[in-house]
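Chain and residue survey
Here's the letter readout for the chains.
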Amino acid sequence: MSDDHRVYSYTATLMGSPILLKLFSNNEALASRVFRLIKQYEDLLTVNRAPSQVMDINHAAGKHPVSVSRPVYELIRVAKAASLLENSAFNLTIGPLVKRWKIGFQGDSVPPADEIAALLAITDPAEVVLDDAASSVFLTQPGMEIDLGAIAKGYIADRVRDYLRKEGETLGLINLGGNIQTLGAPEGGWSLGIKTPFGGPDELIGTLNVENKSVVTSGTYERFFERDGKHYHHILNPRTGYPLDNELDSVTIISTNSIDGDIWTTLIYGMGVEKGCAALRARPDIEAVFVTKSKEVVVSSMQHFRFTLLDNRYRLTGNTA
């Protein structure tokens, strides 16, 4: 491969995840600025430590509104809108339940039913009051918490793509711990793998070939624990407070913007294959690859990507949309 087509990889650990940046120019100064940009957004949006603007909102729950910077406010507004969609599996106020389950962290356990019921009472996204003029957010009930973890990586990946464009880059890739956003495409496109659920670290169910697209996957195999033979994964049903239980092991969303990938992996997870494909008919800009527990791979359509099945234990089924 000539130097003209050489790919330069830069890595860092941010947002609790390994971050990978690929550029087609040897530009460590640009990579450093990208990682600094990611860190700035992480500091604004995190709930894993104080201070952050999101934690300021949570600490003032039931007391008073908190004015925040415009990027934080706009992200919360988008998250609230997604949370209020009919039968939405997305909920920006699910933080108290996530903290109680601790799935993927030390001390995970199945909460008693009465605790889940009590926490559900403070996870109503309609109780997030927004004031556009003041850019303020008010959680009306004490104990409420918003958690932007399900949407922050996508938002930041899009900001990195925009920044690279502004800096004159035409080819690049950012991988924020599983949220992948691409800028342009090398010859033949970007080839990205989808993991085999519960497989080894290098086991792929298949590959996607994309250009100028984001790829985001959510799966029951990412964070989970088992008790008494039952599998508890981290994707919680905001109506029951328990992990979502349907036919899916993973959903991958292909979209232009990574923030849409974050939102739609959760929405589609809640819908399942049939309803998910039906919903995507109204969104030709967003596509999905479903992996089911019964070892089927279903694609909603293939307008914006190519999929190659690699794992012969799975069956690629027809388009149900």
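Cut-offs and rules
- Residues numbered from 1 in each chain as written.
- Predicted model: local features only at pLDDT ≥ 70, side-chain atom pairs only at ≥ 80, totals over all residues.
- Heavy atoms only, no water.
- Salt bridge = Lys/Arg side-chain N within 4 Å of Asp/Glu carboxyl O.
- Helix = DSSP H or I, 4+ residues; strand = E, 2+ residues; numbered from the N terminus.
- Buried < 20%, exposed > 50% of the residue type's maximum accessible area, 1.4 Å probe, protein only.
- Axes fitted to C-alpha atoms, helices over the stretch in contact; angles between N-to-C directions.
- Parallel < 35°, antiparallel > 145°, perpendicular 65-115°, else oblique.
- Left-handed = near helix turned anticlockwise from the far one by under 90°.
- Contact = heavy atoms within 4.5 Å.
- Nonpolar A, V, L, I, M, F, W, Y, C, P; charged D, E, K, R; others polar.
- Core = buried A, V, L, I, M, F, W, Y, C linked by side-chain atoms within 4.5 Å.
- Expected span 1.5 Å × (residues − 1).
- Arc of directions from axis to C-beta.
- Phe/Tyr/Trp six-rings, centres within 6.5 Å; stacked < 30°, edge-to-face > 60°.

**Details of the pattern of salt bridges**
In this structure the tally under the stated criterion is 16 salt bridges. Between Arg161 and Asp158 there is a salt bridge, with the nearest N and O atoms lying 4.0 Å from each other. Pair noted here: Arg161 and Asp158 are both in helix α6 (residues 149-166), with a separation of three residues, about one helical turn. When sorted by exposure, Arg161 lands in the same class as Asp158, which is buried.

**A closer look at the packing of helix α3 (residues 70-83) against helix α7 (residues 258-280)**
Taken N-terminus to C-terminus, the directions of α3 and α7 make an angle of 25°; their axes are 11 Å apart at the nearest point. Regarding the angle of α3 to α7, the classification is roughly parallel. α7 is crossed by α3, and the crossing has right-handed handedness. The residues of α7 that touch α3, namely those facing Leu75, Val78 and Ala82, are Ile259, Ile263 and Leu267. Within the contact of α3 with α7, the residues separate by chemical class into six nonpolar, no polar and no charged.

**Comments concerning the nonpolar core**
Ranked by internal contacts, the top residues of the largest apolar core, which has 75 residues, are Leu21, Ile38, Ile76, Ile156 and Phe290. The element that contributes the greatest number of residues to this core is α7, accounting for nine residues. Counting 18 residues, the second-largest nonpolar core is a separate cluster that includes Ile205, Val291, Val297 and Val299.

**Considering unusual backbone geometry**
For Asn212, which is not a glycine, the phi torsion comes out positive at approximately 55°. When you line up the elements, Asn212 lands in the loop between β9 (204-210) and β10 (214-219). The phi angle at Lys295 is positive, at roughly 65°, despite the residue not being glycine. Tracing the backbone through its elements, the reader meets Lys295 in the loop between β14 (287-292) and β15 (296-299).

**Comments concerning helix α1 (residues 28-45)**
Taking 1.5 Å per residue as the helical rise, α1 with its 18 residues ought to reach 26 Å, and the 26 Å between its terminal C-alpha atoms agrees with that figure. Of the residues making up α1, those classed as buried are Leu30, Ala31, Val34, Phe35, Leu37, Ile38, Tyr41, Glu42 and Leu45. Each buried residue of α1 lies within a common arc of 150° when the element is viewed along its axis, so the set occupies one face. Among the structural elements, β1 (8-14), β2 (17-23), α2 (53-59), α3, α6 and β6 (172-176) are those in contact with the buried residues of α1.

**Observations regarding the packing of aromatic side chains**
Applying the stated rule across the entire model yields eight aromatic pairs. Measuring from ring centre to ring centre gives 5.9 Å for Phe24 and Trp190, while their planes differ by 75°; the resulting arrangement is edge-to-face. Placement of the pair is Phe24 in the loop between β2 and α1 and Trp190 in strand β8 (residues 190-195), with a sequence separation of 166 residues. Taking relative accessible area as the criterion, Phe24 reaches 16% and is therefore assigned buried. Residue classification places Trp190 among the buried positions, given a relative accessible area of 6%. Ring geometry for Trp101 against Tyr232: centres 5.6 Å apart, planes inclined by 40°, an arrangement best described as tilted. With a gap of 131 residues between them, Trp101 in helix α4 (residues 95-101) and Tyr232 in strand β12 (residues 230-233) connect regions that are remote in the sequence. Trp101 gets classed as buried once you look at its relative accessible area, which sits at 0%. Under the relative-accessibility criterion, Tyr232 is labelled buried at 12%.

Purely geometric stuff here, so don't read any function into it on its own.
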